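Single-letter residue listing:
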Amino acid sequence: QAFSLFVKSKEVPAAARSPADGEGVRWRCCRQAFEELSGIHRHVALQHGADMGQQTGLAEAGHQAGQAARQAAAEGSLSDGAAIAGKVDGLRGHSRSSPEICCMLPDTSHLSYEDLTSKVGEVLLYYCYCEVKDPEKLCAWQKALCQHLHLTGKVRVASEGINGTVGGSKAATKVYIEVILSQPLFKGILCQEDFKRSTGGAHCFPDLRVGVFKEIVPMGIDPKKVSYKETGIHLSPQEFHREVEQYLSQANKGKCDTILLDCRNFYESKIGHFQGCLAPDIRKFSYFPSYVDENLELFKDKRVLMYCTGGIRCERGSAYLRSKAVCREVYQLKGGIHKYLEEFPDGFYRGKLFVFDDRYAICSNEDIISACRYCGTLWDQYKLCSSQHCRQLVLACPSCRNKGLTACCPVCQEKELKANTRASGQTLKEECECTRRRPRVPIEHTSQRTLDAGE
């Protein structure tokens, strides 16, 4: 299977074939052109056994597949590739007729190379919780599919499902959605509305990363202990809007038994959030369980309305909160902020929506609710800290950046200056005032504090 997918990824679209090469050229690999199927099969078998291992995520399987391929090549049995595909499947214990995962790649002969690589495109965000018996096989197929459609981004695969954020041309993302929805594994679970779209493209990501993980969203809790099957009650954007409206009305009167909980990280809620929300000052979602544990009294006998970017963090987050058996009710926004803003661009969510790609944020309204870290001017466009040893995001307005204030804190600013003058081989500690001052898990004393800030 890995062999077949690898060969398919080297296919040259008909529209991209150069007249100088002749009409017969159908594959390109390692700066070589191939006209015959047997030629590309022999080349891949002899040169790319290790690459097949990387594609499947199984180094040993790749090594064995390479050996099988080279042996078959020596025997002259590569006329149609079926022999090697069968040997690879046998080595990895996969059935080629697996009903759960269909590894076919779509026919894109009706699309030109320009159609598939146009920079005028979009970014897709989606996830699907389901039982995946063979995550490695799903991972290999996803990688081949994204390469085939010239998509970049990140895809996490696990035994509990798939979580993807990919960017490409509109023609490519359209085909991608069609293929995903036709996948037997996702039928009856995923639908068109589950894909969140935003303006962008392949240029929004530096590369393509597809891998197998224990969780499709990194909460740090074994999925067997806290399952997505125990999630909270899903509310449509319209239902969630009504709940927030009622919550704000009651809170203003000082009579509220509800918590509007932001499940995202502090740098996300900093540039955009729902009015009156409780936004935990945590840096990673893996800190969320500890945050709940340290603040159980806060949630006792409360109705909790949870939200996140696209809905996936709420799936596990609400399940964890429910497992503590302290809340009266736990609800979550289906489709997350993405879907809410499609329905209510001027609703109760104010500011920008943070996204995990090179755009950093997308907007639905003109609100700016955050400020420059240095001068306090309204500003919400993130940049990475200029210190190469820091991965923090910083809000620095153009005026301050022109003055050289490009680091997230004075510690990093000084560290950057030292880095430019330090002796060769000297290393600097990875320390930052931002993380040093922030407690890993904040303890809330009252939800009214956050409500006042939201207002």
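These lines cover the structure that appears in this document, whether it is placed above or below. (Residues numbered from 1 in each chain as written. Predicted model: local features only at pLDDT ≥ 70, side-chain atom pairs only at ≥ 80, totals over all residues. Heavy atoms only, no water.)

## Observations regarding the nonpolar core
In summary, soluble globular proteins display a tendency toward joint burial of nonpolar side chains. Within the largest apolar cluster, 35 residues are counted, with the highest numbers of intra-cluster contacts made by Leu-138, Trp-141, Leu-145, Leu-149, Tyr-176, Ile-180 and Phe-186. Of all the elements in the fold, those that place two or more residues in this core are strand 3 (121-129), helix 7 (135-148), strand 4 (152-158), strand 5 (161-169) and helix 8 (170-182). For this core, the leading source of residues is helix 7, giving seven residues. Excluding its chain neighbours within four sequence positions, the residues that come into contact with Leu-145 are Leu-105, Pro-106, Tyr-176, Val-179 and Ile-180. (Core = buried A, V, L, I, M, F, W, Y, C linked by side-chain atoms within 4.5 Å. Buried < 20%, exposed > 50% of the residue type's maximum accessible area, 1.4 Å probe, protein only. Helix = DSSP H or I, 4+ residues; strand = E, 2+ residues; numbered from the N terminus. Contact = heavy atoms within 4.5 Å.)

## Structural notes on the packing of aromatic side chains
Scanning the entire structure with this criterion turns up 17 aromatic pairs. Measuring from centroid to centroid gives 4.7 Å for Tyr-129 and Tyr-228, while their planes differ by 20°, and the two rings are stacked. A residue pair is termed long-range when its members are at least 10 positions apart, and Tyr-129 in strand 3 and Tyr-228 in the loop between strand 7 (208-212) and strand 8 (233-235) qualify at 99 residues. Of the residues examined, Tyr-129 reaches a relative accessible area of 9% and is grouped as buried. Under the relative-accessibility criterion, Tyr-228 is labelled buried at 16%. A ring pair is formed by Phe-240 and Phe-274, whose centres lie 5.5 Å apart and whose planes are at 65°; its orientation type is edge-to-face. Taken together, the residues span a long stretch of sequence, with Phe-240 in helix 9 (residues 237-252) and Phe-274 in strand 10 (residues 272-274) at a distance of 34 residues. Like Phe-274, Phe-240 is buried. Linked through ring pairs, Phe-240, Phe-274, Tyr-307, Tyr-340, Phe-344 and Tyr-349 together constitute an aromatic cluster. The ring centre of Phe-213 lies 3.9 Å from the NZ or CZ of Arg-156, which sits over that ring. For Arg-373, the ring lying beneath its charged end belongs to Tyr-374, and the centroid distance is 5.3 Å. (Phe/Tyr/Trp six-rings, centres within 6.5 Å; stacked < 30°, edge-to-face > 60°. Lys NZ or Arg CZ within 6 Å of the ring centre and 35° of its normal.)

## Some points on the sheet that holds strand 12 (residues 329-333)
A sheet is described by the order of its strands in space; here four strands give the open sequence 8-12-11-9, paired in parallel fashion. The sheet terminates laterally at strand 8 and strand 9 (258-262), the two strands that pair on one side only. Pairwise comparison of adjacent strand axes, ignoring direction, gives a mean angle of 25° for this sheet. Judged from the three bridges that link them, strand 8 and strand 12 form a sheet pairing that is parallel. Counterpart to Leu-235 in the pairing with strand 12 is Leu-333. Across the face of the sheet, helix 9 comes into contact with strand 8, strand 9, strand 11 (303-307) and strand 12 while running at roughly 130° to strand 11. (Pairing = 2+ DSSP bridges. Axes fitted to C-alpha atoms, helices over the stretch in contact; angles between N-to-C directions.)

## Focus: the sheet that holds strand 6 (residues 196-200)
The five strands are arranged 6-3-5-4-7 in an open sheet whose pairing can be described as mixed. Strand pairing shows two members of the sheet lacking a second neighbour, strand 6 and strand 7, which therefore form its edges. Across this sheet, the average inter-strand angle for adjacent strands is 10°, counted without regard to direction. Bridge count between strand 3 and strand 5: nine bridges; the pairing is antiparallel. Paired with Gly-121 across the two strands is Ser-169, which belongs to strand 5.

## Remarks on helix 7
Since the α-helix turns once every 3.6 residues, residues separated by three or four places project in the same direction. When the terminal C-alpha atoms of helix 7 are compared, their 20 Å separation across 14 residues agrees well with the 20 Å that a helix rising 1.5 Å per residue should span. Burial runs high along helix 7: eleven of the 14 residues are buried. Every buried residue of helix 7 is accounted for by Pro-135, Lys-137, Leu-138, Cys-139, Ala-140, Trp-141, Gln-142, Ala-144, Leu-145, Cys-146 and His-148. Just past helix 7, the residue His-150 takes up positive phi, approximately 60°. (Expected span 1.5 Å × (residues − 1).)

## What about helix 9?
The end-to-end C-alpha separation of helix 9 is 22 Å, in line with the 22 Å expected for 16 residues at 1.5 Å each. Buried residues of helix 9: Pro-237, Phe-240, His-241, Glu-243, Val-244, Tyr-247, Leu-248 and Ala-251, and no others. All buried residues of helix 9 project into a common sector of 165° when viewed along the axis, lining one side. One or two positions beyond helix 9, positive phi appears at Gly-254, with a value near 75°. (Arc of directions from axis to C-beta.)

On their own, these measurements won't tell you what the molecule is for.
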